[in-house]
Amino acid sequence: MKKEFLDLGRQPIANKFLREDEFKDEFFYNLKVVFDDDTKLVSLKDFVKPELMFNDDYVYHTSLSVPMIKHFKETAEMLMKEFNPLTVMEIGSNDGVFLKNWANDYTIGVEPCGNFAKVTEDMGYQTYAEFWTTELSEKIKNDGHVDFDLIYAANCICHIQDLDECFSAIKNILSKKGIFVFEDPSLLRMLERGSYDQIYDEHAHIFSVTALDNILRKNGLILFRVDNLSVHGGSNRIYVRHANILTDLIPEFVRNNLQKEKEFGIDKFQTYEIFAERVEKSKEDLCKLLSELKESNKKVLSIGATSKSTTVFNYCGIDESLIECITDTTPDKQGMYSPGSHIPVVDRESVNLNDYDYVFLGAWNFKEVITDKEKDFIENGGKFITHVPEVTVFS
Ligand code: TMP
C-alpha cells in the first residue's frame, strides 16, 4: 500500500543543465513522494525513465569534488584493510574516483553514462556501459569473471527503481563470503534536517535502514553493518552478505540504527505528513526572504549548481529575478542554465562575490568548505542563506 505524502510540483531533469535554445523542449514531470506501508520504503510516485537522466551528457563528475576524492580514497583503504577482497566491482563507477584505488587487473566498473565508462576504460578498468540488471550480471559471468568479493556502489543503488531486481542481480554475482557495500543519503537525516531537496528524479528512493533491512531479507541477503556518514548531507553505508552466512542475529550497531529510526517514527505515515508541513513552511520562508531582498535591491547569487537546488528552485518558483546567477566548479555546467529555473551558471572565478549581498548555499552539504573558502566575502559584510535545517541567514 503506497500512500502519497508530498507533492514537489512540476520538475525538470535535476542534472540536465541546458543551453538557451534547449528551453523550449525541456522535459518536466510531477515530483510526488510515497510511503510504502508494507516495506516502509519511501520512493517517488512516478519514476523518470533512466535514459533521460543517465546518458552520455551526464555532468556530475565525482572527481571534481575534492572532499569526495578524499572520502572514496579513505573508503577504499578501509575496505581493503578490513575485508581484503580479491575481486572488486563498482556499480555506478562514474569517472573512476573509487576504482582508481584498486589494481585494475581484478577490478571492473559498471556505468551507464558512456562518457564516464570511456574514462575508466582508458584508465585500464574494464567497464560495462550498461544499467545494472540480472541480465548484465549474467553477461559479466559469461565473460569469464568469477563472483566478486566486494561489490561497491555509492549514490547509485537509490537510483535503481526495481530494488528486487537489483538485489537479486547482486546475489547472483556476489561470492559466497563476499560483501556488498553501498552508500546513499539517509532518510532519517533528511527527515531530521528538513532537507527535502534530497528528493529529485535520480533518487527513486530515499533509504532508511528499516526499509533496506526488510527488502534485503526478502531477497536472501542480510544487512550486517551500518556506518553513519556525514557526506551528502548525511548518508548510511550499508554492508550486506548472503543470508546463509550469518545467523539471524542482528549486530548491535544495526539494531541501534533500527531502534533510532523506530523512535523517530520512520515506520509511521504520520511522520511523513508532519515532514510535508515542514517542507511547505520552508518554501514560504524562503520565498518571503528572497522577495524581501529583491524589494530592497539586494543582490543574491547561489554557490553550487546542485541537483538538490533544482528541486528547491522549481518547488519554490525561484528564478533569475530572485537569484542572479549560480557559481559552480564543474566546467560542463558553466555557461549553461539551471534546469527549469533557467538561472545562468558561471565559473566562480568570473564573479566578484563582494558585488553581492547574499549567497544562497545551493551546495549546503559543503557549508564548511564553502564558508571557509569565502571568508573574505563574510569579512566584507556578505551574508549566507541556507534552507537547511530551517531558512536562516548567517555570517
Ligand atoms: P553535490 O552536492 O551533489 O555533491 O554537488 C556539489 C556541486 O557543487 C558540484 O557541482 C560542485 C559544486 N561545488 C562548488 O561549486 N564549489 C565548492 O566549493 C564545492 C565543494 C562544490
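Remember, predicted model here, so these are calculated numbers, not experimental data.

Observations regarding the overall build of the protein chain
Right, so step 1: Along its length, the protein chain carries 12 helices and 17 strands.
Right, so step 2: Since a compact globule built from 395 residues should have a radius of gyration of about 21 Å, the 21 Å found for the protein chain is in line with a globular shape.
Right, so step 3: Its C-alpha atoms give the protein chain principal-axis dimensions of roughly 65 × 50 × 40 Å.
Right, so step 4: Sequence-distant contacts in the protein chain: of pairs separated by 6 or more residues, those separated by 24 or more amount to 67%.
Right, so step 5: Accessible area for the protein chain stands at about 17,000 Å²; split by element, carbon and sulfur atoms hold 49% of it.
Right, so step 6: Treating the 45 positive side-chain charges of the protein chain as one cloud and the 67 negative ones as another, the clouds have centres 4 Å apart.

Re the sheet that holds strand E4 (residues 88-91)
Right, so step 1: The strand order across the open sheet built from 7 strands is E6-E5-E4-E7-E8-E11-E10, with neighbouring strands paired in mixed fashion. The open sheet is flanked by strand E6 (126-128) and strand E10 (221-229), the only strands paired with a single partner. Each neighbouring strand pair of the sheet contributes to a mean axis angle of 20°, computed without reference to strand direction.
Right, so step 2: Bridge analysis of strand E8 (residues 174-185) against strand E11 (residues 235-242) gives 6 bridges, and the strand direction is antiparallel. Bridging from a neighbouring strand, Phe182 pairs with Ile238 of E11.
Right, so step 3: Seen against the sheet, helix H2 (residues 66-83) touches strand E7 (148-154), E8, E10 and E11 and runs at an angle of roughly 30° to E11.
Right, so step 4: Along the sheet face, helix H5 (residues 163-173) touches E4, E7, E8, E10 and E11 and points at about 145° away from the line of E8.

Some remarks on the pattern of salt bridges
Right, so step 1: Inspection of the entire model under this criterion finds 27 salt bridges.
Right, so step 2: Across the pair Glu22 and Arg19 runs a salt bridge whose closest N-O atoms are separated by 3.6 Å.
Right, so step 3: Since its relative accessible area comes to 41%, Arg19 is described here as partly exposed.
Right, so step 4: For the salt bridge of Lys24 with Asp25, the shortest nitrogen-to-oxygen distance reads 3.9 Å. Summarising the burial analysis for this pair, Lys24 and Asp25 share the class exposed.
Right, so step 5: Overlapping salt bridges, with partners in common, bring together Glu82, Glu183, Arg225, Asp227 and Arg237 in one network.

With respect to the nonpolar core
Right, so step 1: Judged by nonpolar contacts, the single largest core of 51 residues is most densely connected at Phe5, Leu6, Ile199, Phe275, Leu290, Ile318 and Ile385.
Right, so step 2: Of all the secondary-structure elements, those providing two or more residues to this core are strand E1 (2-12), strand E2 (28-36), strand E3 (42-44), helix H6 (187-193), helix H9 (269-295), helix H10 (307-316) and strand E15 (358-361).
Right, so step 3: Per-element tally for this core: the top contributor is H9, with 9 residues.

Rules of the game
- Residues numbered from 1 in each chain as written.
- Predicted model: local features only at pLDDT ≥ 70, side-chain atom pairs only at ≥ 80, totals over all residues.
- Heavy atoms only, no water.
- Helix = DSSP H or I, 4+ residues; strand = E, 2+ residues; numbered from the N terminus.
- Rg over C-alpha atoms; globule rule 2.2 N^0.38 Å.
- Contact = heavy atoms within 4.5 Å.
- Areas by Shrake-Rupley, 256 points an atom, 1.4 Å probe, with all protein chains shown as cover.
- Lys, Arg positive; Asp, Glu negative; His and termini not counted.
- Charge placed at Lys NZ, Arg CZ, Asp CG, Glu CD.
- Pairing = 2+ DSSP bridges.
- Axes fitted to C-alpha atoms, helices over the stretch in contact; angles between N-to-C directions.
- Salt bridge = Lys/Arg side-chain N within 4 Å of Asp/Glu carboxyl O.
- Buried < 20%, exposed > 50% of the residue type's maximum accessible area, 1.4 Å probe, protein only.
- Core = buried A, V, L, I, M, F, W, Y, C linked by side-chain atoms within 4.5 Å.

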